[in-house]
Amino acid sequence: MYATLILVQTLNGLQLGIILFLIAAGLTLVFGVMDFINLAHGVQYMLGAYFAYEFTTLTGSFTLGLLMALPAALLAGLVLEAFIFRHLYDRDHLEQVLATFGVILFLNQGVKVVWGASPLFVPVPDWLQGSIEILPGFFYPIYRLAIIAAGLGVAALLYFLVNHTRAGMLVRAGASNATMVAALGVDIRFLFMIVFGFGAMLAGFAGAMVAPILSVEPGMGDNLLILAFVVIVIGGIGSIRGAFIAALLIGLVDTLGRGFSTDLLRLVMDPSAASQTGRAIAPMLTYILMALVLVFRPSGLFPVKK
Amino acid sequence: MRGSVAVRALPYLLFVFFAITPALAQFGAEGYILSLVMRVMIFAIAAMSLDLILGYGAMVSFGHAAFLGIGAYGVGILMSHAVTNVLAQLVAAVAASALFALVTGALCLRTKGVYFIMITLAFGQMAFFFFVSLGVYGGDDGLTLRATPTLFGTPVFENTRVLYYVIFAAMLGVYLLLRAIVASRFGRVLRGARENPVRMQAIGFDPYRFQLAAYVIAGAICGVGGFLLAHQTEFVSPAFMTWQRSGELIVMVVLGGMGSLHGAILGAAAFIILEEVLARITEDWKLIFGPFLVLVALFARGGLVGFLRRLGGRR
C-alpha cells in the first residue's frame, strides 16, 4: 500500500518536473542568451492555459484547442517582445524587472477582465480519460501520463534542435558570448526574437497541457515562475540540460517532500512535533535545496562557460 | 537652472510634505490620510534600507520583506507574552533581523548577480514558511496585537499623531544615518566593490566583509520598519514577508531611482499612493498601474528621480 503511494507521488513529482522544465527551458535560454530577466514568463504560461480554455470551448475539442493555443501563445510572446522587451535587452537587470513586473500586473488583471476572476475548467479529452493499470492493482490517470510523455517528447526535440541544428548552434554560441556572435555577422536581433518566441510558446504549451488538471485562474503563473527561477538557477543559467535535471529534481523533491516529510520525521520525533515540523519543512525543501546548491556551487550545477 | 535647484531640494520637499501632512489632514478624512501616509513612511524606511545594498552595493535582495516580517514578529511575539515595553520590542526586532541578516548574508554573499537574487529569495521563503507553520503565534492567520504598547508603564502610540511623528522621526533618522554611511569611507568602499570588486581587493579591501556589514545594517533598519509596521497595523502576519512583498520593495526602489536614498522614499510614496488612488477610480487599477511601470522602465532611466533630474536639464 505504502509502496503504491510512493509510486503515485513519484509520478506526480515527475509530472510537475516536466511542466517546470517546459517553463524553465524558455526562461533559461532568454536569460542565458539575452541576459534578460523576464518575470513575465509566468504570465505567458497562464496565457497558454487561457488560450487552451478559449479555443477548446470554441471548437469543442481539446486537441484542436491545444493546437490553436500554441500559435496564439507564440504570437503573444512576439508582440510583447516587439513592443516592450526588445528595448530593454541592453538595460540594467532591475529596469527589466520593473517593466516585466508591470506586464505581470497588467496581464493578470487583463485575464480577469476578459475571462472573469473565478477559476475555469477544461475537460480532459475523451481519448485520454480514465486510468490505466501500470502495475497489478495500481492505476494512474492516462492524462497525467500523457503530460509526462509530451514533456519528454519536447525535451528530446529541444535537445535535437539545440545540439544538432544550425539555429541551435547559434543559440548555444549566443549563450556563451552574444556580442561575439553578433560580431561574426549573425542577425542577433532576429535570433533573440526566435528564442523569445520559442520560449513563450513552450511556456504556453505547459499552461495548455495543465489546463485540464488544474483550474485556470488569474495569477496561476506567479508561483510557478518562482519555481522555474529556482530550477534555472540550480541547473545553471543558459543550460537546457541543467534545466531538465533541476526541473525533475525540484518536481520530485517538492512533491515527495510534501507527501512524506511528516512520515519520515515521525521516525525520529513524537507524532505531534513531527506533523508541526513536517508542515514547516515541506514547502521549504526546494528553497533549502537551492540554498545548498548555491552555497557549494555558486553558479549552479551545470554552469555555461563564459 | 531653476529646475536643478528643485531637484536638489527634492529630499527637503519630501520631508516637509511628510512633516506638514497631519496639519493638512485635519481638513480631510484625517484617520484615513494619516494611516496611508504612515504606511508610505514605513515602506520608505524598508525601501531605503534595500537601497543601501541594492543601489550602493549592487546586492539585489529578493528576500528583503523577511526582515520586515521578522521585525514585526519581534513585536507580535513579545506582545503575546505581555511584554508591552516598546523599547524592549525595538531591541528584539532589530537584534532578530540583524542576526538573520548576518547568518543568511554570510551564505548569500558567496554568490553573485542573479544567483544572489535567488539565494536571498530562498532564505526569504524559508522565513515565510517558518512563520506560516508557527501555530502558537497564529500561523497562517497571523497575530492581532491586543495589548497596549507602553514605555516605562505609560501607554504610547494611542494617539495617532504621536505614532505618526514617531514614524516620521524614524524615517528622518534612517535617512540621515544612511546618508552618513554612504558618504563615509565605508560607503565609498561599498560603491567601489559594486564597480570593481577585483580592484578593491587589489588595493587592500576585502569586499566580502564590507558587503556583509552593509547587508546586516540594511536588515536591521528594515527590522525597524517591521517594528513600526506591527504597531501601525496592530497586526502581524506572514503576509508581510511573501516574495511578492520583496518584489514590491525592489520595484519601489527602482521606480523611485536607485542609489539616491530619497528616490526610495519617492518610489514608496508613488507606489502606495498611486495604488490607493487608482484602486478608488477603478477595480481594475492594475490595468493602469502595470503599463505605468512599463513606461517608467522604458522611458525614465534612473526612475522618477532620474526623470526629474533630466527635466531639470542636468545629465
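Going by the structure above, here's the rest.
Residues numbered from 1 in each chain as written. Chains lettered and ligands numbered in written order. Predicted model: local features only at pLDDT ≥ 70, side-chain atom pairs only at ≥ 80, totals over all residues. Heavy atoms only, no water.

## Examining the overall build of chain B
Turning to step 1, where the next piece is worked out: Scanning chain B from N- to C-terminus turns up 13 helices and 4 strands.
Turning to step 2, where the next piece is worked out: On the principal axes, the C-alpha backbone points of chain B span a range of 50 × 45 × 40 Å.
Turning to step 3, where the next piece is worked out: Every one of the 315 residues in chain B was classed for burial, and the buried ones make up 57%.
Turning to step 4, where the next piece is worked out: When contacts within chain B are restricted to residue pairs at least 6 apart in sequence, long-range pairs at least 24 apart make up 78% of them.
Turning to step 5, where the next piece is worked out: As displayed, chain B offers around 13,200 Å² of accessible surface, 65% of which is attributable to carbon and sulfur atoms.
Turning to step 6, where the next piece is worked out: Averaged over its 22 positive side-chain charges, chain B has a centre that lies 18 Å from the centre of its 13 negative ones. (Helix = DSSP H or I, 4+ residues; strand = E, 2+ residues; numbered from the N terminus. Buried < 20%, exposed > 50% of the residue type's maximum accessible area, 1.4 Å probe, protein only. Contact = heavy atoms within 4.5 Å. Areas by Shrake-Rupley, 256 points an atom, 1.4 Å probe, with all protein chains shown as cover. Lys, Arg positive; Asp, Glu negative; His and termini not counted. Charge placed at Lys NZ, Arg CZ, Asp CG, Glu CD.)

## Observations concerning the overall build of chain A
Turning to step 1, where the next piece is worked out: A tally of helices and strands in chain A yields 10 helices and 2 strands.
Turning to step 2, where the next piece is worked out: Ordering the α and β elements of chain A from the N terminus gives α-α-α-α-β-β-α-α-α-α-α-α.
Turning to step 3, where the next piece is worked out: Taking 2.2 N^0.38 as the reference for a compact globule, 306 residues should give roughly 19 Å; the C-alpha atoms of chain A span a radius of gyration of 20 Å, in line with that estimate.
Turning to step 4, where the next piece is worked out: C-alpha atoms of chain A, sized along the principal axes, occupy 65 × 50 × 35 Å.
Turning to step 5, where the next piece is worked out: The burial tally for chain A puts 55% of its 306 residues in the buried class. (Rg over C-alpha atoms; globule rule 2.2 N^0.38 Å.)

## Section: the interface of chain A and chain B
Turning to step 1, where the next piece is worked out: On the chain B side, the residues contacting the 43 residues of chain A number 43 residues.
Turning to step 2, where the next piece is worked out: In total, about 3,700 Å² of surface goes out of reach between chain A and chain B, with carbon and sulfur atoms giving 78% of it.
Turning to step 3, where the next piece is worked out: One can count 0 salt bridges joining chain A with chain B.
Turning to step 4, where the next piece is worked out: Linking chain A with chain B are 9 residue pairs in polar contact (both at pLDDT 80 or more).
Turning to step 5, where the next piece is worked out: In terms of residue class, the side of chain A that touches chain B is made up of 29 nonpolar, 9 polar and 5 charged. (Buried area = accessible area lost by both parts, 1.4 Å probe. Salt bridge = Lys/Arg side-chain N within 4 Å of Asp/Glu carboxyl O. Polar contact = N/O pair within 3.5 Å; in protein donor to acceptor, adjacent residues only side chain to side chain. Nonpolar A, V, L, I, M, F, W, Y, C, P; charged D, E, K, R; others polar.)

## Let's talk about the pattern of salt bridges
Turning to step 1, where the next piece is worked out: Using the criterion set out here, one finds 6 salt bridges over all chains in the structure.
Turning to step 2, where the next piece is worked out: We note a salt bridge from A:R91 to A:E95, for which the minimum N-O separation is 3.0 Å. A:E95 matches A:R91 in its accessibility class, with the two residues each being buried.
Turning to step 3, where the next piece is worked out: Across the salt bridge formed by B:E248 and B:R245, the nearest N and O atoms sit 2.9 Å from each other. One end of the pair, B:E248, and the other, B:R245, are both in helix α10 (residues 243-256), 3 residues apart, so they sit about a helical turn from each other.
Turning to step 4, where the next piece is worked out: Residue B:R245 is classed as partly exposed on the basis of its relative accessible area of 26%.

## Details of the packing of helix α5 (residues 142-164) of chain A against helix α6 (residues 166-183) of chain A
Residues and elements named next belong to chain A.
Turning to step 1, where the next piece is worked out: Interhelical geometry of α5 versus α6 gives an angle of 75 degrees and a closest axis separation of 5 Å. It follows from the interaxial angle that α5 and α6 lie roughly perpendicular. Contact residues: L161, V162 and N163 in α5; G168, M169 and R172 in α6.
Turning to step 2, where the next piece is worked out: In the contact of α5 with α6, the residues fall into 3 nonpolar, 2 polar and 1 charged. (Axes fitted to C-alpha atoms, helices over the stretch in contact; angles between N-to-C directions. Parallel < 35°, antiparallel > 145°, perpendicular 65-115°, else oblique.)

## As for helix α4 (residues 86-108) of chain B
Residues and elements named next belong to chain B.
Turning to step 1, where the next piece is worked out: For α4, with 23 residues, the first-to-last C-alpha span of 32 Å sits near the 33 Å given by 1.5 Å per residue.
Turning to step 2, where the next piece is worked out: What α4 keeps buried is the set V86, Q89, A93, S97, A98, A101, T104, G105 and C108.
Turning to step 3, where the next piece is worked out: The secondary structure elements touched by the buried residues of α4 are α3 (65-80), α5 (113-132), β2 (150-151) and α9 (207-233). (Expected span 1.5 Å × (residues − 1).)

## Regarding the environment of B:L54
Turning to step 1, where the next piece is worked out: By the secondary structure assignment, B:L54 is in helix α2 (residues 30-54).
Turning to step 2, where the next piece is worked out: On the basis of relative accessibility, which here comes to 3%, the residue B:L54 falls in the buried class.
Turning to step 3, where the next piece is worked out: Residues B:L54 and B:E283 lie 229 residues apart in sequence; the distance between their C-alpha atoms is 33 Å.
Turning to step 4, where the next piece is worked out: B:L54 has contacts with A:L94, B:M59, B:V60, B:I250, B:V253 and B:M258, leaving out every residue within four places of it along the chain.

## Notes on the packing of aromatic side chains
Turning to step 1, where the next piece is worked out: All chains considered together, the criterion is met by 26 aromatic pairs over all chains.
Turning to step 2, where the next piece is worked out: Residues B:Y164 and B:Y165 carry aromatic rings whose centres are separated by 5.4 Å and whose planes lie at 75 degrees to one another, so their mutual orientation is edge-to-face.
Turning to step 3, where the next piece is worked out: With centroids separated by 5.8 Å and ring planes inclined at 50 degrees, the aromatic side chains of B:W285 and B:F289 adopt a geometry described as tilted. B:F289 shares its class with B:W285; the two are buried.
Turning to step 4, where the next piece is worked out: Three or more aromatic residues joined by ring pairs make a cluster, and in this case those are A:F36, A:F85, A:Y89, A:F192 and A:F196. (Phe/Tyr/Trp six-rings, centres within 6.5 Å; stacked < 30°, edge-to-face > 60°.)

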